[in-house]
Amino acid sequence: MQARSTWTPPRGVLGRLCAQARERAAALRPRERQLREGAGSRPAPQSLAAALGAGTDVGIVAELKRRSPSRGTLNAELAAARAARAYVEGGARAISVLTEPNDFGGADEDLLSAHAAVAVPVLRKDFHVDPLQLWEARSLGASAVLLIMRALGPERSLEMAAAAREVGIEGVFEVRDEAELEWALESGAAVIGVNRRNLETLEMSDAVIERLLPAVPPSCVAIAESGVRGSEDVARVAALGA
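None of the values given here were measured: they were computed from a predicted structure.

Colleague: For this particular structure, what's the right way to read the sheet that holds strand β6 (residues 144–148)?
Modeller: Pairing between sheet strands relies on hydrogen bonds along the backbone, with the strands arranged either parallel or antiparallel. In spatial order, the strands read β1-β4-β5-β6-β7-β8-β9; together these 7 strands make up an open sheet with parallel pairing. Strands at the two margins of the open sheet, each flanked by one partner only, are β1 (61–64) and β9 (221–225). Here the average twist between neighbouring strands, direction ignored, is 30 degrees. Examined bridge by bridge, β6 and strand β7 (residues 170–175) share 5 bridges and lie parallel to one another. Counted as the bridge partner of isoleucine 148 is glutamate 174 from β7.

Colleague: How should the environment of aspartate 110 be read in this particular structure?
Modeller: Structurally, aspartate 110 is set in helix α5 (residues 108–117). Taking the relative accessible area as the measure of exposure, aspartate 110 reaches 8% and is therefore buried. Sequence separation between aspartate 110 and leucine 78 is 32 residues; the distance between their C-alpha atoms is 9.2 Å. If sequence neighbours within four positions are ignored, aspartate 110 has contacts with Arg66, Ala80, Val97, Leu98 and Gly105.

Colleague: I'm lost on the packing of helix α4 (residues 80–89) against α5 in this one. Help?
Modeller: At a minimum axis distance of 8 Å, the contact between α4 and α5 shows a crossing angle of 45 degrees. In terms of axis orientation, α4 runs oblique to α5. Note on packing geometry: the crossing formed by α4 with α5 is right-handed. Contacts from Ala80, Ala81, Ala84 and Arg85 in α4 reach Asp110, Ser113, Ala114 and Ala117 in α5. Residue classes in the contact of α4 with α5 are distributed as 5 nonpolar, 1 polar and 2 charged.

About the thresholds
- Every chain is numbered on its own, with residues counted from 1 as its sequence reads.
- Since the coordinates come from a predicted model, pLDDT governs what is reported: local features require at least 70, and pairs of side-chain atoms require 80 or more to be given and counted, while whole-chain, interface and lining totals use all residues.
- The side-chain quantities take in all heavy atoms of the structure and omit both hydrogens and water.
- One requirement defines pairing of two strands: DSSP has to find at least two bridges between them.
- In DSSP terms, a helix is any run of H or I states spanning at least four residues, a strand is any run of E spanning at least two, and both are numbered starting from the N terminus.
- Axes, fitted as lines to C-alpha atoms, cover a helix only where it is in contact. Angles between the N-to-C directions of the axes lie from 0 to 180 degrees.
- Here the term buried applies to any residue with accessible area under 20% of the maximum for its type, exposed to any over 50%, and partly exposed to those in between, with areas from a 1.4 Å probe on protein chains only.
- Whether two residues are in contact is decided by their heavy atoms, any of which lying within 4.5 Å being enough.
- Geometric relationships in this document are graded by angle, where less than 35 degrees denotes roughly parallel, more than 145 denotes roughly antiparallel, 65 to 115 denotes roughly perpendicular, and other angles denote oblique.
- The hand of a helix crossing depends on one turn: near helix anticlockwise from the far one by less than a right angle means left-handed, and clockwise means right-handed.
- For this scheme, ten residues count as nonpolar: Ala, Val, Leu, Ile, Met, Phe, Trp, Tyr, Cys and Pro. Four count as charged, namely Asp, Glu, Lys and Arg, and the remainder, Gly too, count as polar.

Next up, the structure:
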């Protein structure tokens with residue numbers, strides 16, 4: 001396992017996105033009380049882990065995303081509520097909503113719209129680097145938030161996991177190597193996402209999925225992230241433990 005002290009802040013695309021996220025988090029400070037009150041007024045969220053773990057078939061998390069750094073524009077005219085309903089009608093057990101505005105074209109309104117439109121858990125997919133963002137996510141109706149281990153490192157991962165428990169929101173702990181998996185488990189992760197894509201370079205690696213999915217403990221829900229394009233891909237990652 002990688003030593004905890006060897007973590008260095010992310011570089012490349014991920015480093016830039018995290019820096020922008022810290023700026024957005026800082027801008028939330030004047031609204032902290034409002035966000036906490038908004039989160040507290042929400043009913044208890046649905047469990048993403050329970051939704052994905054139900055039944056014997058594979059649970060799909062369907063994503064709402066206008067564009068990405070790797071592929072450019074995907075759906076500039078995305079209507080969040082309509083797309084979310086279509087995904088759920090097609091069998092999705094949860095909806096993932098990109099809210100990062102600069103590289104992904106997301107917006108908080110997309111999350112609000114998706115949450116209001118469907119009766120399944122909604123994951124806020126963003127670059128969460130500050131506990132205040134978790135209060136914001138809950139106030140918008142999210143059931144879960146993405147927590148990227150490469151972005152946070154071991155110590156910050158523990159802090160963000162504790163903050164998520166305080167907020168009452170689930171974390172999806174994203175990992176790409178054995179050390180990050182260890183950090184996620186130490187943080188109490190119940191849902192672990194294994195990302196085929198390196199967010200610093202945007203390169204994809206099947207080896208990451210093949211190595212790490214079987215290493216996720218059976219007590220956790222494992223999600224295969226990125227590059228799942230059809231039924232053959234679904235069957236392959238399911239066989240590995242997704």
